[in-house]
Amino acid sequence: MSIWPEERVLAPGAAEFDSVDMTINIGPQHPATHGVFRMVLTVDGEVVVDCEPYIGYLHRGLEKLTENNDYRQAMGYWDRTDYLAGMACEVPYCMAVERIAGIEVPERAEYIRVIMAELSRINSHFMFAGAFGADVGSFGTSFIYAWRERERIYDLFEEVAGDRMFPTYIRIGGVAMDLPDNFEQRCRWVLGSIRQGIEDLDGLLTGNEIFVERCRNLSPLTSERAIALGVTGPLLRATGLQWDLRKAEPYGIYDRMKFDIPWRADLQGDIFDRFWMRLAEMYQSARIIEQCLDEMPKSGLVLNPDLPKTLRIDKGECYFRYEGTKGEYGVYAYARGGNKPYRMKLRSPSFCNLSALREMVVGNYIADAIIILGSLDIVLGEVDK
Amino acid sequence: MTALLGLPPIGRQAPSEDVAEALRELTAIEFQIGETATDIDVTVAPAQLTQLVEALQARPKLAFDFLRNIVGIDFTPEGMALKYQFYSFRWGHGLQVTVPTSVGHPRVPSIVRFYPAADWHEREAAEMFGFVFDGHPNPKNLLLEEDLHIHPLLKAHPLQPAEILQGIEEGPPGFKI
């Protein structure tokens, strides 16, 4: 016997009833929030009418710590911001300090930095694709597919730097040590494996009708609105605007790299496009790494030999921006003498992208709110600093 | 706003003379033009910030449509300052606006109605330094606890003893390990 009556009849005048809003708290300890993040949803039936995000549960005072440690000591804190892509956070910190101190970086070190940053980007996007698949309902499979490749990238990091997640490998003026002997061969093998991994995820999710139906046309975003809300990175590119700091304001050696910003004529910034954009970007990152392996000087210095024992910067101010894995990773640095920065500020992409959550969630179903949050790909270490 | 399509122009992370040129046309506002390692820097009084921001957004030669970041700095005893970083998608150039203020709880106009992205940045600067943003729609603590009224990024805020022991010679006056 079915639990539902054969015919469900609406009470006369049911549409005129006033519904009562309900408040639902999600987090801070909830698997769907990808960390310690809390949002309070006000729902009318199943539709979200208001959303108030609460952050700060992971606030460690990165900026205060940086101000009170010398330039080199502070570095270890910065890869703990976006902990899925540690190397890609050390690079902008070091580049900002180099910018105000006027320090040159040897060419081989520039190439190594690009390889490490792009491997981190792939790593972070794999994490997104795996966790997002789990959010949408493909629990387990997508996670395991993504984990296989992430493990290989982490093994590579461990070989290079001695640590997997927090390598502290990049240094002001270069990198800590040269690559191990078999690195090129190992890296090429990992790249082949990564390409296979992306194809697997692509086959599992992009072509899956349930997945596509769930994500298409959900919470679309225009380029203009994304810019007004401060949304950058893959989320902005998914709206159809080909804006990538690696091309728009190039730094390091990115102006030598040949890669494309993925684009489709029907991009509309919905959840599916955000997923598609990240998968497409992973191929481009693999392309950049291959170019670096081909073109990099086979030997040479990896750290500027003229660095003083203690770095002191008399005067300097800059806002250095870097295409992090989640968007514009900006480092504001201000020095006025001494061996410590006077002020260091992180403009973290996750923080700015998350501030747009309310607008994206309101008007959608509560079940979709979880997917929308997942599609932002936030890392709470970076949000809370 | 014109439709944004395709690739924006390529900029360099360096001060652009075009921006300085376009800024000099704003004769109604008093400001000084300087530069940092990456951007042109404009110093303006808090009272004229709204007027400047309005011009930055509306003037076609400037067209700063994107607020990147807001930074507070404590220069006690000289004062405090707010630094706003902007970017123009149309021209591909950046700009920094510096607003010097007094110490304590200086009042600065909120720019949320021009740039919705300023919301969380202003809340962060308010709790970390004690700025008061006039006209902010939701002036609550963001990263700190809601009922905690301390401003940890002020230079006078004491450090934890463990951090003082980590190679920092001395703490603030009157603070004992």
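Please refer to the structure placed before this passage.
Residues numbered from 1 in each chain as written. Chains lettered and ligands numbered in written order. Predicted model: local features only at pLDDT ≥ 70, side-chain atom pairs only at ≥ 80, totals over all residues. Heavy atoms only, no water.

A. Representation of the packing of aromatic side chains. In this structure the tally under the stated criterion is 26 aromatic pairs over all chains. Look at B:Tyr84 and B:Phe86: their rings are 6.4 Å apart centre to centre, the planes differ by 5°, and that puts the pair in the stacked class. Per residue, the accessibility class of B:Tyr84 equals that of B:Phe86, and both read buried. Counting every residue linked through ring pairs, the aromatic cluster contains A:Phe128, A:Phe132, A:Phe211, A:Phe272 and A:Phe275. Above the ring of A:Phe128, the side-chain terminus of A:Arg278 is found at 4.2 Å from the ring centroid. One cation-aromatic arrangement involves A:Arg336 over A:Tyr342; the distance from NZ or CZ to the ring centre is 4.4 Å. (Phe/Tyr/Trp six-rings, centres within 6.5 Å; stacked < 30°, edge-to-face > 60°. Buried < 20%, exposed > 50% of the residue type's maximum accessible area, 1.4 Å probe, protein only. Lys NZ or Arg CZ within 6 Å of the ring centre and 35° of its normal.)

B. View of the environment of A:Asp368. Residue and element names in this part refer to chain A. Among the secondary structure elements, aspartate 368 is positioned in helix 14 (residues 366–376). By relative accessible area, aspartate 368 is classed as buried at 13%. For the pair aspartate 368 and leucine 279, spaced 89 residues apart in sequence, the C-alpha separation works out to 21 Å. Filtering out sequence-adjacent residues up to four positions away, aspartate 368 remains in contact with Arg214 and Leu218. (Helix = DSSP H or I, 4+ residues; strand = E, 2+ residues; numbered from the N terminus. Contact = heavy atoms within 4.5 Å.)

C. Just the side chain of B:Asp119, in detail. Residue and element names in this part refer to chain B. Mapping aspartate 119 onto the fold places it in helix 3 (residues 118–129). Buried charge aspartate 119 goes without a salt bridge, the closest partner of opposite sign being arginine 123 at 4.6 Å. When sequence neighbours within four positions are dropped, the list of residues in contact with aspartate 119 reads Val112 and His136. (Lys, Arg positive; Asp, Glu negative; His and termini not counted. Salt bridge = Lys/Arg side-chain N within 4 Å of Asp/Glu carboxyl O.)

D. Summary view of helix 5 (residues 141–161) of chain A. Residue and element names in this part refer to chain A. The terminal C-alpha atoms of helix 5, which comprises 21 residues, lie 30 Å apart, in line with the 30 Å expected from a rise of 1.5 Å per residue. Within helix 5 the residues assigned to the buried category are Ser142, Ala146, Glu149, Arg150, Ile153, Tyr154, Leu156, Phe157, Val160 and Ala161. Its buried side turned inward, helix 5 meets helix 3 (87–101), helix 4 (107–136) and helix 6 (183–206). Note on helix 5: the residue one or two positions beyond its end, glycine 162, has a positive phi of about 90°. (Expected span 1.5 Å × (residues − 1).)

E. Focus on the interface of chain A and chain B. Each side of the interface is counted separately: chain A has 54 residues, and chain B has 58 residues. For the pair chain A and chain B, the summed buried area comes to about 4,800 Å², and 55% of that belongs to carbon and sulfur atoms. Along the contact surface separating chain A from chain B lie 9 salt bridges. As a salt-bridge pair, B:Glu124 and A:Lys385 come within 3.1 Å of each other at their nearest N and O atoms. Linking chain A with chain B are 22 residue pairs in polar contact (both at pLDDT 80 or more). Across the side of chain A that touches chain B, the residue classes break down as 26 nonpolar, 8 polar and 20 charged. (Buried area = accessible area lost by both parts, 1.4 Å probe. Polar contact = N/O pair within 3.5 Å; in protein donor to acceptor, adjacent residues only side chain to side chain. Nonpolar A, V, L, I, M, F, W, Y, C, P; charged D, E, K, R; others polar.)

F. Local environment of helix 11 (residues 271–295) of chain A. Look at helix 11 of chain A: 37 Å from first C-alpha to last across 25 residues, which is about the 36 Å you get at 1.5 Å a residue. Counting buried positions along helix 11 of chain A yields 20 of 25 residues, so the element is predominantly enclosed.

G. Spatial organisation of unusual backbone geometry. At the junction of B:Thr76 and B:Pro77, the peptide bond is cis and its omega measures out at 10° in the coordinates. Positive phi, close to 55°, is recorded for A:Asp377, a residue that is not glycine. The class of A:Asp377 is buried, set by a relative accessible area of 7%. Even without being glycine, B:Ala63 reaches a positive phi, approximately 50°. Within the secondary structure, B:Ala63 is located in the loop between helix 2 (49–58) and strand 3 (66–74).

Any link to function would need more than the numbers given here.
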